[in-house]
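Chain by chain, the residues:
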Amino acid sequence: MAKILIVDDHAVNRESLSVVLREAGHEVVAATDAASGFDRAREARPDLIISDILMPSGDGYEFVRSLRRDALLSHVPVIFYTAHFNAREALTLARACGVRCVLTKPSTPENIRQTVQAVLAGEDVGTPSGEASEAQYLRLVTSKLAETAEELEWTSSRLMALIDMCLQLSEEREPADLVKAFSRAMRDLVAARHSVVALWEPGQPSTSHVAVSGLSEEAAAAVEAGLTSPTPIPVPLSARGPMRRTGPVSDADELGLPWTYPPVGAMLVVPVRSGTRQYGWVCATSRISGDAFSVDDEQLLSTFASYLGRVFENHCLIAEASQRSRQLELEVARRAASQWRAEMQCAVANALAGAGTLAEAAPQMLQAICTKGGFALAELWEIDEAEGRLVPVSAWHDNVPGIAPFLEITRTFTFRRGQGLPGRVWNAQVPVWVADLSTEPTFLRAESAAAAGLKCGMGFPVIVRGQISGVLCVFGHAGRPPDADLITLFEAVGGQVGQFIERRRQEQRLVRLSRIHAILVQMGALIGSDDCRTGLFQRVCRIAVEDGGFVGAEVFTLSPSGEVTIAAAARAGGPDTPPGAGTEEIVRDVFAAGEPVIDNRRGLSPSREGALAAFPLAHGGRVRAVLLLQADAPGLFAGAELMVVRQMAADVSLALDALESRMAARFGAAAGAV
């Protein structure tokens, strides 16, 4: 076993030699350069020294000369272990400074063991004179320095070009400009005739960025089209790893490039990847010198492509962040719009829920629509089918100067089907949007709207059981283009109003039916009553008004001379309330025909709508009286309500018949007694 000192500035070299020598049974000590190696040698007194030739602090030749000048170390054999000189030059230098032999990097473990064993055994290799050693050393070092200087100059020029290209790329903000700049710079970097850069954003194969350099604009466009077409993406050979190709000129499509690309001789392909993923590849073809691309070209282009990968990855991350930001903004806007729609519908629902009639609910509902939707005026119209016109229900407006003339002229208009904005909605039964009222020829109130500063208008139908029942109109100060979301919202509001109208109608109908049924119970009790005929008629009228909820009930009789007289009457407004106008003609018609007369649009007064029905009270096949009922609800006498009222008139007829039969029986008994 020998003690061996290893002097080498590369840790890998020191470790590999140490492993081999320790396995051979030797003791190993190590140093990293010539200065520390000399100190370590004086300390350890090794049996053998293995040293590199070129090291940071001095070279192997100076290190050996220092050993030879020291009396304690001059006899220690030395082996040069280096890859910086070729074998012949290294051996010459070794003999010049008295070194036994040279090991070149890399060497096999067996070769290392045999060489060390031979030197330790004392084999003499001979040593030239000192003068020859100096001259040989200087010649070799000078030659190597010249080669190194030339290599450094070439490397420096490439490094400066690489730095300049990186600066150019860092100034590009768009991927299209980035790949174009890289394609041009890559040609200069490796001296290629043509170059291609192809990048794809992750998860989006349709989003490609391709640039070609060295071809005409037409040829480059054809190649780029081939790389961005929806057909399978061409991929050069070995695009997932660096590839250098030499050999005969081949067609481009045989090497995975579009067929429009020029024939390819020498080829260098390097993937573009960051630390996490691959984004594409770069390809340089046909070197200007005609030679193949070198390992240095591959390493340089790989470094450059890695930089491109990181720049492109930053772009992808920024684009992804921007897209997510836009999506977030859209989501925030969508949620805000959804909340706004919900608030408006809630406000409308609250207004409708707290009102008994549509007229009561309309002002608060219209105010909610304007304040939530940013409108200046809202109006509600109800359809009068009998008159064929739109009737104003209510309107609400903010405090805008000049709005009063618009409202005044609105009250003077009679909108029929197809006329004005409300009439157009009625006719079309779909929402109508007028972005600019001043240019709409069918808008009849344009002048007053302009004076009030109203720019746009929208009308929406109020639907009840699938049929249009009214029209809701809103007006704003600023022009608005059609908004699908707003149209959908107001359609929903129109549906809410329609549901309210239908619900109130059903509630009122149930109340009416319950009242009329209560009348039937009371009328049944009259059949056995001992009242006189006038008393019977009076009780019938009172029950109809007080229990049935009719605004008026009258019983008419016909005198022998043909005059119509009122036998009994009751009115909701009190006994002084006059009967409805024109009823005498209706009563005469019933006496003459013996059939009821129904008028569901009969007004109680010029400003108050209602309904009227006249029923014959017959006895013995002859009309003895006429019962006339008046209601404040248009359309009351129809359907189930009409059937119940008919039954009520039939019950009164039975009571009248029973009363007269009893009176006749009493009269006959009295005559027999006499």
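Residues numbered from 1 in each chain as written. Predicted model: local features only at pLDDT ≥ 70, side-chain atom pairs only at ≥ 80, totals over all residues. Heavy atoms only, no water.

## Concerning the overall build of the chain
Then step 1. Each helix and strand in the chain was counted, giving 17 helices and 20 strands.
Then step 2. By the burial criterion, 43% of the 674 residues in the chain qualify as buried.
Then step 3. Counting only contacts in the chain whose residues sit at least 6 apart along the sequence, the fraction spanning at least 24 positions is 62%.
Then step 4. Split by element, the accessible area of the chain, about 33600 Å² in all, is 53% carbon and sulfur. (Helix = DSSP H or I, 4+ residues; strand = E, 2+ residues; numbered from the N terminus. Buried < 20%, exposed > 50% of the residue type's maximum accessible area, 1.4 Å probe, protein only. Contact = heavy atoms within 4.5 Å. Areas by Shrake-Rupley, 256 points an atom, 1.4 Å probe, with all protein chains shown as cover.)

## Observations regarding helix 3 (residues 60–69)
Then step 1. Every buried residue belonging to helix 3 is among G60, Y61, F63, V64 and L67, and all of these are buried. For helix 3, the angular spread of buried residues about the axis comes to 160°, placing them on one side. (Arc of directions from axis to C-beta.)

## Here we look at the sheet that holds strand 4 (residues 78–82)
Then step 1. As summarised here, the arrangement of the five strands in space is 2-1-3-4-5, forming an open sheet in which the pairing is parallel. Only two strands of the sheet have a single neighbouring strand rather than two, namely strand 2 (27–31) and strand 5 (101–104). Taken over all neighbouring pairs, the strand axes of this sheet differ in orientation by 20° on average, direction set aside.
Then step 2. With four bridges connecting them, strand 4 and strand 5 associate as parallel partners. If you follow I79 over to strand 5, its bridge partner there is C101.
Then step 3. Contacting strand 1 (3–7), strand 3 (48–51) and strand 4, helix 3 runs over the sheet at an angle of about 170° to strand 4. (Pairing = 2+ DSSP bridges. Axes fitted to C-alpha atoms, helices over the stretch in contact; angles between N-to-C directions.)

## Looking at the pattern of salt bridges
Two side chains carrying opposite charge are able to pair once their charged atoms lie near each other.
Then step 1. Across all of its chains, the model carries nine salt bridges by this definition.
Then step 2. Among the salt bridges present, the one from E43 reaches R40, with a minimum N-O distance of 3.3 Å. Separated by three residues within a single helix, E43 and R40 lie in helix 2 (residues 34–44), roughly one turn from each other.
Then step 3. A salt bridge links D297 to R287; the shortest N-O distance between them is 3.2 Å. Of this pair, D297 sits in helix 9 (residues 295–353) while R287 sits in strand 10 (residues 278–287); the two residues are ten residues apart in sequence, bridging distant segments of the chain.
Then step 4. We classify D297 as buried; its relative accessible area is 0%.
Then step 5. The exposure class of R287 is buried, given its relative accessible area of 19%. (Salt bridge = Lys/Arg side-chain N within 4 Å of Asp/Glu carboxyl O.)

## Focus: the nonpolar core
Then step 1. Within the largest apolar cluster, 32 residues are counted, with the highest numbers of intra-cluster contacts made by F550, L617, L629 and F637.
Then step 2. At the level of elements, helix 15 (533–546), strand 16 (552–558), strand 17 (564–571), strand 19 (611–619), strand 20 (622–631) and helix 17 (639–673) are the ones that each hand at least two residues to this core.
Then step 3. Counting residues per element, this core draws most heavily on helix 17, which supplies eight residues. (Core = buried A, V, L, I, M, F, W, Y, C linked by side-chain atoms within 4.5 Å.)

## Topic: the packing of aromatic side chains
Then step 1. All chains considered together, the criterion is met by six aromatic pairs.
Then step 2. Arranged with centres 6.0 Å apart and planes meeting at 55°, the rings of F443 and F475 form a pair that is tilted. One end of the pair, F443, is in the loop between strand 13 (432–434) and helix 13 (446–451); the other, F475, is in strand 15 (residues 467–476), with 32 residues separating them in the sequence.
Then step 3. Classification of F443 as buried rests on a relative accessible area of 5%.
Then step 4. The buried category is assigned to F475, whose relative accessible area is 0%.
Then step 5. Taken together, the ring pairs connect F406, F443 and F475 into an aromatic cluster. (Phe/Tyr/Trp six-rings, centres within 6.5 Å; stacked < 30°, edge-to-face > 60°.)

## Here's the deal with the environment of I50
Then step 1. Among the secondary structure elements, I50 is positioned in strand 3.
Then step 2. The sequence separation of I50 and A30 amounts to 20 residues, and the corresponding C-alpha distance is 9.4 Å.

## Some points on the sheet that holds strand 14 (residues 456–464)
Then step 1. Taken in spatial order, the five strands line up as 12-11-15-14-13 in an open sheet, and their pairing is antiparallel. Looking at which strands have only one partner, the edges of the open sheet turn out to be strand 12 (389–397) and strand 13. Direction aside, neighbouring strands of the sheet carry axes that sit 20° apart on average.
Then step 2. Bridge count for strand 11 (residues 377–384) against strand 12 is eight bridges, and the pairing is antiparallel. Looking at the pairing, W381 lines up with P392 of strand 12.

## Re the pairing of strand 4
Then step 1. A large share of strand 4 lies buried, amounting to five of its five residues.
Then step 2. By the alternation rule, side chains of strand 4 split into V78, F80 and T82 and I79 and Y81, which are all buried.
Then step 3. Relative to strand 4, strand 3 runs parallel, the two being bridged by three bridges. Paired with I50 across the strands is I79, a residue of strand 4.

## Quick notes on the side chain of R624
Then step 1. Locating R624 in the fold gives a position in strand 20.
Then step 2. In contact with R624, other than residues within four places in its own chain, are R533, T557, F591, L617, A618, H619, L656 and E660.

## A word on empty space enclosed by the protein
Then step 1. Under the counting rule described, the total for this entry stands at one cavity of 30 Å³ or more.
Then step 2. L358, L380, W381, E382, V393, S469, G470 and I501 are the residues that line the largest cavity.
Then step 3. Tallied by class, residues from the lining of the largest cavity come to five nonpolar, two polar and one charged. (1 Å grid on protein atoms, 1.4 Å probe; cavity = no way out; pocket = protein on both sides within 12 Å on 5 of 7 lines; lining within 4 Å. Points joined across faces, edges and corners; volume = space filled by probe spheres on them. Nonpolar A, V, L, I, M, F, W, Y, C, P; charged D, E, K, R; others polar.)

## Some remarks on the environment of G457
Then step 1. Relative to the elements of secondary structure, G457 occurs in strand 14.
Then step 2. Take G457: its relative accessible area is 0%, and that puts it in the buried class.
Then step 3. When the C-alpha atoms of G457 and A378 are compared, they prove to be 9.5 Å apart, with 79 residues separating the residues in sequence.
Then step 4. Setting aside anything within four residues of it in sequence, one finds G457 in contact with L421, V432, W433, V434, L437, V474 and F475.

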